[in-house]
Amino acid sequence: MSFLEIKNISKQFSGVYALNGISFSVEKGEIHAICGENGAGKSTLIKILSGVYSSRNYEGNFYIAGNEIHFKNIHEAEKNGVAVIHQELSLVKTMTVAENIFLGKEPSKFGIIQPHQLHSKAKHLLEQVGLNISPETEVSDLGIGEQQLVEIAKALDKNTRLLILDEPTTALTEKEIKKLFDLLHQLQSSGVTIIYISHRLNEIKTLCNRVTILRDGKFIVTKTNATISNEDLIHLMVGREIKDLYPKSEIKIGAPILKLKNFSLYDSSGKKKINSVNLEVHAGEIIGIAGLMGSGRTELLKGINGAWIGKQEGELFFNQKLLKFSSPAEAIANGVVMVSEDRKRFGLVLSKSIRFNINLSNLKNISARGIFSSEKEIKQTLQILQQLSIKSNTIEQSVEHLSGGNQQKVVIGKCLLVQPKLLLLDEPTRGIDVGARAEIYKLMNQLSMEGMAIIMVSSDLPEVIGMSHRVVVINEGKISGEFSSGVTQEKIMNAATAEKANT
Amino acid sequence: MRPQLKKQIHKMEIKKIFNSDSRNIRALVMVFALLTICIFFHIATNGIFLSPANITNLVRQSSIVGILAIGMLLVIVSGNIDLSVGSMVGFLGGIASLFFMKQGLNLWVVIMLTLAIGFIAGCLQGALTAYLRIPAFIVTLGGLLIFRGSIMAIMKGETISISNEFQIFGGGFLTFTTSCILIFVAILFYSFYIFNQRKIKKQFSLKHSSIAVSILKITSLCFFLAFFLWIFTHNNNQTEVHPIITPIAVPSESPLATLPEYTNAANASSIASDDRAIPIPVVIMIVLALIVSFISKFTIFGRRIFAIGGNAEAAWLSGINIKFNTMLVFGLCGLLSAVAGIVYTARLGSAAPDAAAGYELYAIAACVIGGTSLMGGRGTIFGAIIGALIMASLDSGMSILNIEPFYQNIIKGAVLILAVYIDVASKRKK
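The written sequence of each chain sets the order in which its residues are numbered from 1. Just so you know, chain letters begin at A and ligand numbers begin at 1, following the order they were written in. The model is predicted, so local features are restricted to residues of pLDDT at least 70 and side-chain atom pairs to those at 80 or more, both for listing and for counting; the totals for chains, interfaces and linings are taken over all residues. Working from all heavy atoms in the structure, the side-chain values ignore hydrogens and water.

**Overview of the overall build of chain B**
Then comes step 1: Only DSSP runs of H or I reaching four residues or more are called helices, and only runs of E reaching two or more are called strands; each is numbered from the N terminus. The helix and strand tally for chain B stands at 17 helices and 2 strands.
Then comes step 2: Only protein chains enter the calculation, and the probe is 1.4 Å; a residue is then buried if its accessible area is under 20% of its type maximum, exposed if over 50%, and partly exposed in between. In chain B, which comprises 430 residues, the share counted as buried stands at 52%.
Then comes step 3: Note on contacts: a residue pair is in contact if any heavy atoms of the two residues lie within 4.5 Å. In chain B, the proportion of contacts linking residues at least 24 apart, taken out of those at least 6 apart, comes to 82%.
Then comes step 4: Calculation of accessible area relied on Shrake-Rupley with a 1.4 Å probe; when residues are assessed, cover is drawn exclusively from the protein chains displayed. Surface summary for chain B: the accessible area is close to 20,300 Å², and the carbon and sulfur share equals 71%.

Rendered as C-alpha cells:
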C-alpha cells in the first residue's frame, strides 16, 4: 500500500465543487508534484490533508501508512506528522528564530520556558536545514529565502512524515532555490514524503518523481516525470475547450491613450517588481494581461493608477502627455480608474450603502461648493443601477449583503461614474457566477466600442483569450509574450512559466 | 411543513423591516434608554428630576460635553481618536481669558483668536497623525500633556476671573422672543428638509415615508421644542423656590456637575434681564450639532470622513485625499474644543489651569454610548448628543439622590460598558 492514499475526496463550497471525487496515491519517500491552474483545487486539497478543514466538512477519505485519517484541526495533523509550508510565510516577524520554531510548543518546565533547551534544539534544527544563523536573530532581519528555511526547520521539529510545500519558490532567488532543493532531496533520502506544488514547470521537472494534474476540481492523471513533456503538462492542465461565453467585439482602435516606456517599479526592499515594461494601449482596445500570481500583474496596474507606493522608473504617457500619477486621486482626475482585485478590501466601504459607494469617486460632479445635491446623486445612482443591472430593492441597502456579482458591479459603477478614458480591471470576474460574468463581458465590449481603453488582468485564461484584442503575458515583472491573434492557452502558459533564461 | 414555512417567511419579513431601518431603530433605542433613565430618576427623586429647573440645569450641564462630543464624533468616525480635547478646553479657555482680561482685547476679537488657535492646534495634531503617520492615540496623548502643561506655565497656576460681558456665553439666555423666532425658523427648515427629501425620493419612485409620517415627524418636533421652551421659561421662577436644587451640583465631583450653576445664573441674569428662555450654551450646542450633522450628511468632506473611517484603502483608491481630510477633521475637533473652552470658562466665571481635566473621556463615552463605532465609519451626531444627555442625566439623577461620587463613577463606567455590549451583541445577531 502507498504511503498516502487519497480516495474519492470531494469538497463543495455553497454547492460548487472545489474538489470532485479525487483519488490518487503518493509513495513513501517520493517528491510528488501537484499541478493545475488557479482554481483547480490544489489549495483545497492541501487544506484537507493538513486539517484546516475538519473531516466532517468533506466527503471521502485519505489514508496515511494504511491508517484511515480524520483530522479535526491543524494541531492533530501536526501530531500525525503532516506539515505544510504555505505560500505566504506564517512566521511572527517580531520574534526570534528560536521562538518561532517552537511557537506553541516551547520546551518548558511548569510553564516556565527553558531558554537553553530552546536554543540548543533550535540550533540543531537550523543546522539540519543548512542555515548558519544564530537562533536569537529576529525573523524580520532575515531574507525571504532564509525565512523559508526557518519554516522548514519548524516543520522538521514536528517529526514530519509528510511535508507539503505550496509554491515555496515565488519569492526566492535562484541560489536560494538551489539550496532549498538540496535540502528537499536530503529530506527525501531520510524518508520524508514531500508534496510539492508549483506553477514553474522546470522546477517540477528537476525536482519531482511524479506529477499529478488537477483541473476544475477533478483528478486528470498521475504521470512519471520522465515520461511527460512541458507541452503535455500544459495541455493537461488547461485542457478544456473555450466556450462561447465571450462576445468579442469588432476592434475599432483609436488614438493611443497610454504608453509605457521602460516602466519599472520597485518594492520597499528595492526588488524590481516590474522590469522595464513597454506597452501601448489605444482607445477602444481591450488588453488582456496574463501571468502567474506574483508575476507583477497587479503591480503593473497599480503603477499605472498611481497606487504604487514604492520607487518608480521610466515614462508614462497618457493622451500623448508625459505624466506621473502620485496618487489614485490624480489618476482619476486624468481619467484612469482601477477596479481592484479584492473588492471587499480595496473596492468597497462594506458597511455603507450602494448609494454611498457608487458616488465615492465622483463626489465633485454631484455637488456645488462642497454640498451635494441629493437629487443629482440619486439620479446618477439609479442610472448606474439600470445600466449595470444591479439587483437590489433599495439604493440604501448596505453593500455588505449584496452578492459577489452585484458588489463587483457597484465597484465598476463607481469607476464608470468618473467617465474614465482608461479602465483597469484586476480579476474582474473572480468569485462571480456565470450570469454576472456574461453581463460584465457585455459591458466591457460596449465600453470599448464607445472608445474606452481597457486593461484587464486575469488568471482565467479562457476569459483573457475570449475578451482581449491583444494579450500581454507577464513573467517575473517582464513582458514575456504579446499576442494579437492566434493566441492559445498553451502559448500563454509557455510564456508565463518560462524561466528567466528562456526570455 | 407548510405552517413552518409560513413562519419562516414571516420572520424574514420582520427581519427585512428591521434591517432596512436599522439606523432609525438604533436612534429610537437610544431615545428610549434616555427616557427610561429620566422616568426612573423622576420616580426615585419624588418628582424633582423632571422639574423645569433640573431639566434646564441638566441640559446646560451636558452642553459642554455635547459640543466636545460633536468634534470627537468626526474624529472617531474617521478612524482616529483625540485624547487632547479636555486639555484643549483648559488651554483655550485660559488663553481667551488672558486675551480678554489681561490684554484687554475686544470680546469678538478674543473669540475669533481663540477659535483660530483651536483650529490650528487641532490641524497640527492632525498633520502629525496624517502626514508623519504617528498614531493619533500617541499624538493626542502628547497633546493632552503639552496643552495642559503650557497653560499652567502661562497662567503660573493662577485663576483668572472674567467679567460679565464674557460670561454671557456660559450663563446667558436668549430672550423669549428671540427663542420663539429661532424655534420657528428651525421648524421651517426641518419641514423644508423633510418634504424636500420626500419629493426627491418620490421623483425617482424610491421608497419614501408617507405624508402622515412626515407630518408626524414635524409635529413631534414642534411639541418637543414647545415643551422645552415651556421648561426654560418656567425655570426662572422656580430657581429660588426649590430649596432642594441648590445642593444638586455640590456633592458631585464629576466635571459634569461641579460648575457653580447658580451664582453664574444670577450673574448672567443681570445681563440678560428677567426675560430668559433658552440658555445660550444649549443654543450653541444645538446650532453646532445641526451644522455638523449637515456637514456629515450633505458635504463632500463629510462623506469622505465616513469613507476613510469605513475603509481607508478603498477610499484612497477611490481618489480621496486621506491625509488632508484627516488633518481637517482634527482641525474641526480643535475648533469645537475652542468653542467648548469659551463656554466652559464663561460658565465658571473664571479660567483655572486645571479646567476640564478628563473631559476627553466624557466626550468619547458620549459618542460610544450614542452608537459610534471606535473602528470608524459609523456614528451620528444625534447619537453623540443623546449619549451626552444620558451621561448628564445619570450625573444629575445620582447627585439628587445623594449617591456618593465614587459610586457615581462606578455606575457610569458600568453603563458605558453595558451600552457598548448591547451594540456589539445586536450586531453579532445580524
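**What to know about the interface of chain B and chain A**
Then comes step 1: Contacts between the two partners involve 27 residues from chain B and, on the opposite side, 37 residues from chain A.
Then comes step 2: What counts as buried area is the accessible surface, traced by a 1.4 Å probe, that two parts surrender upon association, with contributions from both included. Overall, the association of chain B and chain A removes approximately 2,800 Å² of surface from exposure, summing both partners, and the carbon and sulfur fraction of that is 65%.
Then comes step 3: Between Lys or Arg on one side and Asp or Glu on the other, a salt bridge is scored when a side-chain nitrogen of the former is within 4 Å of a carboxyl oxygen of the latter. On inspection of chain B and its partner chain A, the count reaches 1 salt bridge.
Then comes step 4: Taking the shortest distance from any N to any O, the salt bridge between Glu377 of chain A and Arg303 of chain B comes out at 2.8 Å.

**Remarks on a negative patch on the surface**
Then comes step 1: Every patch collects residues that have over 30% relative accessible area and no salt bridge, joining them within 9 Å if they carry like charges and within 5 Å if they are nonpolar side chains (Val, Leu, Ile, Met, Phe, Trp, Tyr). For the purpose of charge, His is not counted, nor are the chain termini; Lys and Arg are scored as positive and Asp and Glu as negative. Charged groups are reduced to one reference atom each: NZ for lysine, CZ for arginine, CG for aspartic acid, CD for glutamic acid. Where like charges cluster on the molecular surface, the negative patch consists of Glu99, Glu106, Glu136, Glu138 and Asp141 of chain A.
Then comes step 2: Of note, Glu136 of chain A is situated in the loop between helix H4 (115-128) and helix H5 (144-156).

**As for the confidence of the model for chain B**
All names here are of chain B.
Then comes step 1: Values of pLDDT, the confidence the predictor places in each residue, fall between 0 and 100. Chain-level statistics for chain B give a pLDDT mean of 83 and a share of 84% at 70 or above.
Then comes step 2: At the low end of the mean pLDDT range in chain B sits helix H10 (residues 261-272), at 42; at the high end sits helix H5 (residues 107-130), at 96.
Then comes step 3: Taken together, the stretch residues 12-20 has pLDDT below 50 and engages in 4 contacts with residues farther than four places along the chain or on a different chain.
Then comes step 4: pLDDT under 50 marks residues 237-273. Its contacts with residues more than four places away, or in other chains, come to 66 contacts.

**Focus on the sheet that holds strand E1 (residues 4-13) of chain A**
Residues and elements named next belong to chain A.
Then comes step 1: Whether two strands pair depends on DSSP finding at least two bridges between them. What the 4 strands build is an open sheet, ordered E2-E1-E4-E5; its pairing is antiparallel. Every interior strand has two partners, whereas the edge strands, strand E2 (16-26) and strand E5 (67-69), have only one. Shown here is a sheet whose adjacent strand axes are inclined to one another by a mean of 25°, direction ignored.
Then comes step 2: Alignment of E1 against strand E4 (residues 59-64), held across 5 bridges, turns out to be antiparallel. Within E4, the position partnered with Glu5 by the bridge is Tyr63. Every axis in this analysis is a line fitted to C-alpha atoms, fitted for helices over the stretch in contact. Angles between the N-to-C directions lie between 0 and 180 degrees.

**Concerning the side chain of Asn225 of chain A**
All names here are of chain A.
Then comes step 1: Along the chain, the position of Asn225 falls in the loop between strand E12 (218-224) and helix H8 (230-238).
Then comes step 2: Side-chain polar atoms of Asn225 contact the backbone oxygen of Cys208, separated by 2.7 Å.
Then comes step 3: Residues within four places of Asn225 in sequence aside, it is in contact with Ile204, Lys205, Cys208, Asn209, Arg210 and Val211. Under this definition, polar contacts are N or O atom pairs within 3.5 Å; protein pairs additionally need one hydrogen-donor-capable and one acceptor-capable atom, and for neighbouring residues in sequence, both atoms have to be side-chain atoms.

**Digging into the pattern of salt bridges**
Then comes step 1: Applying the stated rule across the entire model yields 11 salt bridges over all chains.
Then comes step 2: Of the charged contacts, one joins Arg470 of chain A and Glu285 of chain A as a salt bridge, the two residues approaching to 3.0 Å between their closest N and O atoms. You can see Arg470 of chain A sitting in strand E23 (residues 470-475) and its partner Glu285 of chain A sitting in the loop between strand E14 (272-282) and strand E15 (286-291), a full 185 residues away along the chain. The burial state of Arg470 of chain A is the same as that of Glu285 of chain A; both residues are buried.
Then comes step 3: Salt-bridge contacts for Lys311 of chain A lead to Glu313 of chain A; the nearest nitrogen and oxygen are separated by 3.7 Å.
Then comes step 4: Its relative accessible area of 31% is what places Glu313 of chain A among the partly exposed residues.
Then comes step 5: The structure contains a network of salt bridges with shared partners spanning Arg355, Glu377 and Glu396 of chain A together with Arg303 of chain B.

**As for unusual backbone geometry**
Then comes step 1: The phi dihedral of Glu167 of chain A falls on the positive side, at around 45°, and the residue is not glycine.
Then comes step 2: Checked against the element boundaries, Glu167 of chain A lands in the loop between strand E9 (162-166) and helix H6 (174-189).
Then comes step 3: With a phi angle near 60°, Arg133 of chain B is a residue other than glycine that sits in the positive phi range.
Then comes step 4: Relative to the helices and strands, Arg133 of chain B is located in the loop between H5 and helix H6 (136-155).

**Let's talk about the domain arrangement of chain A**
Residue and element names in this part refer to chain A.
Then comes step 1: For each domain, the first and last residues come from an automatic or database assignment. Structurally, chain A comprises domain 1 (4-238), domain 2 (254-335 + 421-434 + 452-503) and domain 3 (343-419).
Then comes step 2: The centre of domain 1, based on its C-alpha atoms, is set 32 Å off from the matching centre of domain 2.
Then comes step 3: If you look at the interface, domain 1 gives 14 residues, while domain 2 gives 14 residues.
Then comes step 4: Of the roughly 1,200 Å² buried between domain 1 and domain 2, counting both surfaces, carbon and sulfur atoms make up 52%.
Then comes step 5: Summed over the shared surface of domain 1 and domain 2, the result is 0 residue pairs in polar contact (both at pLDDT 80 or more).
Then comes step 6: Counting residues per element, the ones that place at least two in the side of domain 1 that touches domain 2 are helix H7 (201-207) and H8.

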